[in-house]
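Read off the chains here:
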Amino acid sequence: MGIVKISDLMHENLRVAGNALSRSINAQAEHWMRVGMLTELHPELNHREICQLLIRAELAGGLDITAAAAAPAGKASAASNGKGKH
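Residues numbered from 1 in each chain as written. Predicted model: local features only at pLDDT ≥ 70, side-chain atom pairs only at ≥ 80, totals over all residues. Heavy atoms only, no water.

Side note on the packing of helix α1 (residues 8-20) against helix α2 (residues 25-41)
Then comes step 1: Look at α1 against α2: their axes get within 8 Å of each other, and the N-to-C directions meet at 100°. Between α1 and α2, the crossing angle belongs to the class labelled roughly perpendicular. Between α1, through M10, H11, N13, L14, R15, A17 and G18, and α2, the contact on the second element is made entirely by I25, Q28, A29 and W32.
Then comes step 2: Residue composition of the contact of α1 with α2, by class: 6 nonpolar, 4 polar and 1 charged. (Axes fitted to C-alpha atoms, helices over the stretch in contact; angles between N-to-C directions. Helix = DSSP H or I, 4+ residues; strand = E, 2+ residues; numbered from the N terminus. Parallel < 35°, antiparallel > 145°, perpendicular 65-115°, else oblique. Contact = heavy atoms within 4.5 Å. Nonpolar A, V, L, I, M, F, W, Y, C, P; charged D, E, K, R; others polar.)

Okay, structure coming up:
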């Protein structure tokens, strides 16, 4: 874990979005980072499909960028770290 420096405006945006969605500032930042990462890795997916991929990956043990980059779109089990149930 480390410290990430962000602008005051981004911090405020995170605070507002986090409050609206019942997330901490850190949880909101992590959510946006996951969605952004998957959007860059799989530009063919829409937001709904990315959210579904995140849910399937969580059920399979969590998101791993190495597996997510190698996985074909929609293969959530391949985008997980392999710790969960299959």
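Still more to cover.
Some thoughts on unusual backbone geometry
Leaving glycine out, the prevailing phi sign among residues is negative, and the prevailing peptide bond configuration is trans.
Then comes step 1: Positive phi, close to 60°, is recorded for S22, a residue that is not glycine.
Then comes step 2: For S22, the position within the fold is in the loop between α1 and α2.
Then comes step 3: Overall, the relative accessible area of 70% leaves S22 in the exposed class. (Buried < 20%, exposed > 50% of the residue type's maximum accessible area, 1.4 Å probe, protein only.)

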